[in-house]
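The chain contents come next:
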Protein chains: 2
Amino acid sequence: MDIAAAARYESLLSRRASLTFPSPRLSRAAFSEAQSPRYLFAGGFPDPGSFPYQELIEATREVMEHEGAQALVYGHPLGYMGLRELVCEKTRRLEGFEISVDNVLITNGSSHALALACDLLLDPGDVILTEAPTFSGSLNTFRRYGPEIIGIPLDTEGIRTDLVEDQLKMAARRGQKVKFIYTIVNFQNPTGVTMSLRRRHELLALAERYDTIVLEDDAYGELRYSGEPVLSLFGLDRAGRVLRTGTLSKILAAGVRLGWILAPKELLPRIAQFKTDGGTNPYVSRVATYYLRRHMYDHIEVLRSIYRQKRDVMLERLYAGLGSDAEISHPDGGFFIWIRLPEGTDPERLLALATERRIAYVPGPAFFPNGQDGTDYIRLAFSWASLDEIRQGVDLLCEAIREAR
Amino acid sequence: MDIAAAARYESLLSRRASLTFPSPRLSRAAFSEAQSPRYLFAGGFPDPGSFPYQELIEATREVMEHEGAQALVYGHPLGYMGLRELVCEKTRRLEGFEISVDNVLITNGSSHALALACDLLLDPGDVILTEAPTFSGSLNTFRRYGPEIIGIPLDTEGIRTDLVEDQLKMAARRGQKVKFIYTIVNFQNPTGVTMSLRRRHELLALAERYDTIVLEDDAYGELRYSGEPVLSLFGLDRAGRVLRTGTLSKILAAGVRLGWILAPKELLPRIAQFKTDGGTNPYVSRVATYYLRRHMYDHIEVLRSIYRQKRDVMLERLYAGLGSDAEISHPDGGFFIWIRLPEGTDPERLLALATERRIAYVPGPAFFPNGQDGTDYIRLAFSWASLDEIRQGVDLLCEAIREAR
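The rules we used
- Counting from 1, residues in each chain are numbered in the order their sequence is written.
- Whichever chain is written first is A, and whichever ligand is written first is 1; the rest continue in order.
- Local features in this predicted model are restricted to residues whose pLDDT is 70 or higher, and side-chain atom pairs enter the listing and the counts only when it is 80 or higher, whereas totals over whole chains, interfaces and linings include all residues.
- For the purposes of this entry, the term helix denotes a DSSP run of H or I that reaches at least four residues, the term strand denotes a run of E that reaches at least two, and both are numbered from the N terminus.
- Both definitions apply: the radius of gyration is a C-alpha atom measure, and the globule rule equals 2.2 Å times residues to the power 0.38.
- Three classes are used. A residue is buried when 20 or more other C-beta atoms lie within 10 Å of its own, exposed when 12 or fewer do, and partly exposed in between, with C-beta atoms placed from the backbone.
- Here contacts are defined at the residue level, using C-beta atoms placed from the backbone and a cut-off of 7 Å between them.
- We define the nonpolar core as any set of buried residues of the types Ala, Val, Leu, Ile, Met, Phe, Trp, Tyr and Cys, connected via C-beta atoms lying within 7 Å of each other.
- All copies are superposed by least squares; the fitting set is the C-alpha atoms of residues with a pLDDT of at least 70 in both.
- Basically, the charged four are Asp, Glu, Lys and Arg, the nonpolar ten are Ala, Val, Leu, Ile, Met, Phe, Trp, Tyr, Cys and Pro, and anything else, Gly included, counts as polar.
- One requirement defines pairing of two strands: DSSP has to find at least two bridges between them.
- The source of the domain bounds is an automatic or database domain assignment.
- Inter-axis angles, ranging from 0 to 180 degrees, are taken between N-to-C directions of lines fitted to C-alpha atoms, where helices are fitted over the stretch in contact.
- Throughout this description, any angle smaller than 35 degrees is read as roughly parallel, any larger than 145 degrees as roughly antiparallel, any in the 65 to 115 degree range as roughly perpendicular, and the remainder as oblique.
- Each helix crossing is assigned a hand: it is left-handed if the near helix lies turned anticlockwise from the far helix by less than a right angle, otherwise right-handed if that turn is clockwise.
- The handedness of a crossover follows from its direction of travel: if, with the strands pointing away from the viewer, the path from the first strand over the helix to the second runs clockwise, the crossover is right-handed.
- In a helix, the anticipated span is given by 1.5 Å times the number of residues less one.
- Note that the arc is computed from the directions linking the helix axis to the C-beta atoms.
- Per-residue confidence from the predictor is reported as pLDDT, a score between 0 and 100.

Enquirer: Any details on the overall build of chain A? Residues and values, ideally.
Expert: Looking only at helices and strands, chain A features 12 helices and 15 strands. Over its C-alpha trace chain A gives a radius of gyration of 22 Å, about what one expects of a compact globule, namely 22 Å for 405 residues. On the principal axes, the C-alpha backbone points of chain A span a range of 60 × 55 × 55 Å. For chain A, the proportion of its 405 residues judged to be buried stands at 52%. Intrachain contacts of chain A at a sequence separation of at least 6 include 76% that bridge at least 24 residues.

Written as structure tokens, this is what we have:
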């Protein structure tokens, strides 16, 4: 980039455009074009073999026949009614609570849903709480709004509500309000922890007592492979304190860019005001909805079985390769395994050794608000790679970990 | 809405969420479900008969075969390379200037492109200039960022650059910087005016002299039915002072929600940071691109011929019905005709009479930054209605105008 040329724009930029972000202490490995990763354990990409190619062509044909021009003109600001209804039906059937279409705003994926929550709530300098560690993509979305992000540790029951309350009190003492508490409730990304029912009740009580919002991210809720589901914060909330984001990225395909935000009815129109995209894609919304109406529940079953097996194979190879030297998460769902490296592992050396072996993973610091903590952790995704790639790649990775000690 | 319930959130909202907007003096007619408009001359909706239903099914099949998983996973932050290349090729072929893919960011339609420009440049209280009148949808996008919007009149050559300079000077005297000058260069919405080459050069010179940006909106540029094309501001600019938005909404379909912003290479990454949607729809981007690679130039020719005829029929009926009592624009392209009502027409009575006749149009004030001016104007779109609907609807409207005097 021509620095002088870029500098000339500085005086015209918005405050948000001028924000600087922490760069994580260990960034992802940079693979060259020629040497792309062979063992892709980095991003939360769905299994490419699971995509319903033929069924999407069929759905397109049906949409063109039955919807015609409606699929090709501007859409409703809240999104395609058929998809909003499907979200309600899915919530009732899979989670056992009732919502209405007036609670549902369709978005361009759940990262867009999170951005809309920020549009609604955040000014630069505001305080928000997130789990630490938490999803790096969400942190990057939040940072774009210039808040102070305070990370709260988790334990086996999820976010530490006692520490949440400490922060809420401290903010109140400073005369500040915590604008929201961001939590990934099921198979938390990256730790894999599911928040207990008790903690969920505690968190809701705190939100009400301290006048704040819980931003509940449930990108993976449908993909549970073991254990019992726990009721959603949005389903438990009686005080209008929860915004909840969901997505089709994991149960259909990320490429359709469809997600939603659930909100109390009074807040939904306020959020919708920030949708400056002419209504989320009327064309793809219909194609996806026509497909899902026929296939959703069966497809979710298929996905559960694919990912359960992938998870189990990855865990088996990790246990075999690392034994009890490392702490290895055992998530009941989702795409990720979170590993605390054996004592004495050099994280930079490990990254170099893994890159040599063409293995991609995400180093821990990306998941911490300060970009500094968590150098002794790595996150592996088992979703994209084939079973063979998982077996070979994890064996090679374990070898690298032993070598990096 | 439960006012008490909504009020409880006030202390949590961002400043942007708390902004209030002017409501235009004459809002659009509210049609009941039972009595929907029969003559739809309001929104800029493309001709529904022009949509390539069968070809989109074909394109979907090709994408599934040739692109496979690439269409269904997360996309590149700058958008699908194939579409970025197509934008470059189209610009070269239709407009005769060179851009590179490093100038092109794909967006969810051009309203999203305008919002990204605001993300980059605007803080609440900043000053921007727009034409007055200008597109109501753009005004609504801008208002969401809380700027002071100053409207600049147009004449037959486009925006009055002398008045632009007055405002730039006044802002400088107050120690403020005008963040951008928004202009719709071709077949301006709503007036139909195309900015002359001389004015384009003047505007660029002003942007450089007063250190500001020109935000060039060219949603309709491909749809010219008469007259000679004038070079784009982005193509003329040598000082890196122009951002330009474009869209597939008018040459393919609004429902695909695909547009772009062109920017100097140094600025493009700064704009891309505000894309929090996981990359503009990789699936539809590919379907649209595969379709357009085969059919774009032919399809544009077909559209030009459809809309030229619709424009001519609407103008003919308007001249027949209103004679020289009204001022009627004669746009060389685009979708709209702008009418100054005959002296003494009561705009409220006209709106009621037109609604009775099930005619929808947009009253003038929607197009003015203050929402107050322009009560003696209306905008008609000839794009959606059939030729018969245009003939009947315009005759009925002229009758209503005579009755409302």
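After that view of the structure, there is still more to cover.
Enquirer: How would you explain the nonpolar core if you had to name every residue and give the values?
Expert: Soluble globular proteins: nonpolar side chains tend toward being buried together. One finds A:Ala117 and B:Ala117 to be the most contacted residues of the largest nonpolar core, which totals 249 residues. Contacts of A:Ala117, omitting those with residues within four sequence positions, involve A:Phe180, A:Leu215, A:Leu243 and A:Ile261.

Enquirer: Can you break down the relation of the copies chain B and chain A residue by residue, with the values?
Expert: For the pair chain B and chain A, the best superposition has an RMSD of 0.0 Å and corresponds to a rotation of 180° with a translation of 0.0 Å parallel to the axis. Here the two chains are linked by the operation of a two-fold rotation axis. Counting the interface residues of chain B, we find that 100% of their copies in chain A are interface residues as well, pointing to one common contact surface.

Enquirer: Lay out the interface of chain B and chain A with the relevant residues and their values.
Expert: The interface is formed by 62 residues belonging to chain B together with 62 residues belonging to chain A. Looking at the side of chain B that touches chain A, the elements that each hand over two or more residues are helix H1 (3-7), helix H2 (15-18), helix H3 (53-66), helix H5 (110-121) and helix H11 (282-322) of chain B. When the residues that make up the side of chain B that touches chain A are grouped by side-chain class, the tally is 32 nonpolar, 16 polar and 14 charged.

Enquirer: Outline the sheet that holds strand E11 (residues 327-328) of chain B, supporting the account with residue identities and numerical values.
Expert: Through backbone hydrogen bonds, the strands of a sheet pair up, either in parallel or in antiparallel fashion. All names here are of chain B. The strand order E11-E12-E15-E14 describes an open sheet built from four strands, whose pairing is antiparallel. In this open sheet, the two edge strands, each paired with only one partner strand, are E11 and strand E14 (362-363). As defined by bridge partners, strand E12 (residues 336-340) adjoins strand E15 (residues 377-381) across five bridges and the pair is classed as antiparallel. For Phe336, the partnering residue across the bridge sits in E15 and is Ala381.

Enquirer: Which residues make up the sheet that holds strand E15 (residues 377-381) of chain A, and what are the values?
Expert: As summarised here, the arrangement of the four strands in space is E11-E12-E15-E14 (chain A), forming an open sheet in which the pairing is antiparallel. Every other strand in the sheet has two partners, leaving strand E11 (327-328) and strand E14 (362-363) of chain A as the edge strands with one partner each.

Enquirer: An account of the domain arrangement of chain A is needed here, citing residue identities and associated values.
Expert: Residue and element names in this part refer to chain A. Under the domain assignment, chain A is made up of domain 1 (21-51 + 299-403) and domain 2 (66-295). Between the C-alpha centres of domain 1 and domain 2 the distance comes to 26 Å. With 27 residues of domain 1 at the interface, the matching set in domain 2 holds 28 residues. Top contributing element to the side of domain 1 that touches domain 2 by residue count: helix H10 (residues 282-322), with seven residues. Classifying every residue of the side of domain 1 that touches domain 2 by side-chain character gives 15 nonpolar, seven polar and five charged.

Enquirer: How would you explain the pairing of E15(B) if you had to name every residue and give the values?
Expert: Residues and elements named next belong to chain B. In terms of burial, E15 is a largely internal element, five of the five residues being buried. Side-chain alternation along E15 places Tyr377, Arg379 and Ala381 on one buried face and Ile378 and Leu380 on a second face that is also buried. In terms of strand pairing, E14 meets E15 through two bridges, oriented antiparallel. Pairing of Pro363 across the sheet is with Ile378, part of E15.

Enquirer: For the packing of H11(B) against helix H13 (residues 387-403) of chain B, give the residues involved together with the corresponding values.
Expert: Residues and elements named next belong to chain B. Where H11 contacts H13, the two axes come as close as 9 Å, and the packing angle between them is 25°. Our classification of the angle between H11 and H13 gives roughly parallel. Where H11 crosses over H13, the two elements pack in a sense that is right-handed. Between H11 and H13, the residues in contact are Gln309, Lys310, Val313, Met314, Arg317, Leu318, Gly321 and Leu322 and Leu387, Ile390, Arg391, Val394, Asp395, Cys398 and Ile401, respectively. Split into classes, the residues belonging to the contact of H11 with H13 amount to nine nonpolar, two polar and four charged.

Enquirer: Could you give me a rundown of the packing of helix H3 (residues 81-95) of chain A against H10(A), with the residues and numbers involved?
Expert: Residues and elements named next belong to chain A. With their axes 9 Å apart at the nearest point, H3 and H10 run at an angle of 35° to one another. Here H3 runs over H10; the crossing is left-handed. Residues Gly82, Leu83, Leu86 and Lys90 of H3 form the contact with H10, whose participating residues are Ser285, Arg286, Ala288, Thr289, Leu292, Arg293 and Met296. Broken down by class, the residue content of the contact of H3 with H10 amounts to five nonpolar, three polar and three charged.

Enquirer: Could you give me a rundown of the environment of B:Glu67, with the residues and numbers involved?
Expert: Mapped onto the elements, B:Glu67 comes out in the loop between H3 and helix H4 (81-95). We classify B:Glu67 as buried; it has 20 C-beta atoms within 10 Å.

Enquirer: Break down the pairing of strand E3 (residues 127-131) of chain B for me, with residues and values.
Expert: A regular strand places its side chains so that they alternate between the two faces of the sheet. All names here are of chain B. Most of E3 is tucked away, with five of its five residues classed as buried. Burial along E3 is two-sided: the residues Val127, Leu129 and Glu131 and Ile128 and Thr130 are all buried. Of the pairings in the sheet, the one linking E3 to strand E4 (residues 148-152) comprises five bridges and is parallel in character. Counted as the bridge partner of Thr130 is Gly151 from E4. Since E3 and E4 lie parallel, the crossover through helix H6 (residues 136-143) that links them has a hand, and here it is right-handed. Sheet topology note: the E3/strand E7 (residues 178-184) ladder contains four bridges and is parallel. In the strand pairing of E7, Leu129 is matched with Ile181.

Enquirer: Requested: an account of the environment of B:Leu258, with residues and values cited.
Expert: Residue and element names in this part refer to chain B. Relative to the assigned elements, Leu258 resides in the loop between strand E9 (242-247) and strand E10 (259-262). Residues Leu258 and Asn281, 23 residues apart in the sequence, show an inter-C-alpha distance of 8.3 Å. Residues contacting Leu258, with those up to four places away along its chain left out, are Ile106, Gly109, Leu248, Thr280, Val284, Ser285 and Ala288.

Enquirer: Describe H3(B), with residues and values.
Expert: Residues and elements named next belong to chain B. Helix length check: H3, at 14 residues, gives a terminal C-alpha distance of 20 Å against a target of 20 Å (1.5 Å per residue), a fit within 8%. Residues Leu56, Ala59, Thr60, Val63 and Met64 constitute the buried set of H3. When H3 is viewed along its axis, its buried side chains cluster within an angular range of 135° and face the same direction. Relative to its buried face, H3 has exposed residues pointing more than 90 degrees away, namely Gln54, Glu65 and His66.

Enquirer: I'd love a proper account of the confidence of the model for chain A, names of residues and values included.
Expert: Across chain A, pLDDT averages 94, with 97% of residues at or above 70. Under the prediction, the complex receives an ipTM of 0.92, its pTM being 0.94.

Enquirer: Lay out H3(A) in plain terms, naming residues and giving numbers.
Expert: Residues and elements named next belong to chain A. In this model, H3 (15 residues) spans 21 Å end to end at C-alpha, consistent with the 21 Å of a helix rising 1.5 Å per residue. The set of residues buried in H3 consists of Leu83, Arg84, Leu86, Val87 and Thr91. Along the axis of H3, the buried positions cluster into a sector of 155°, meaning they face one direction only. Exposed residues pointing more than 90 degrees away from the buried face of H3 are listed as Arg92 and Arg93. The secondary structure elements touched by the buried residues of H3 are strand E2 (104-107), strand E10 (259-262) and H10. Where H3 ends, the next residue or the one after it, Gly96, has phi of about 75°, a positive value.

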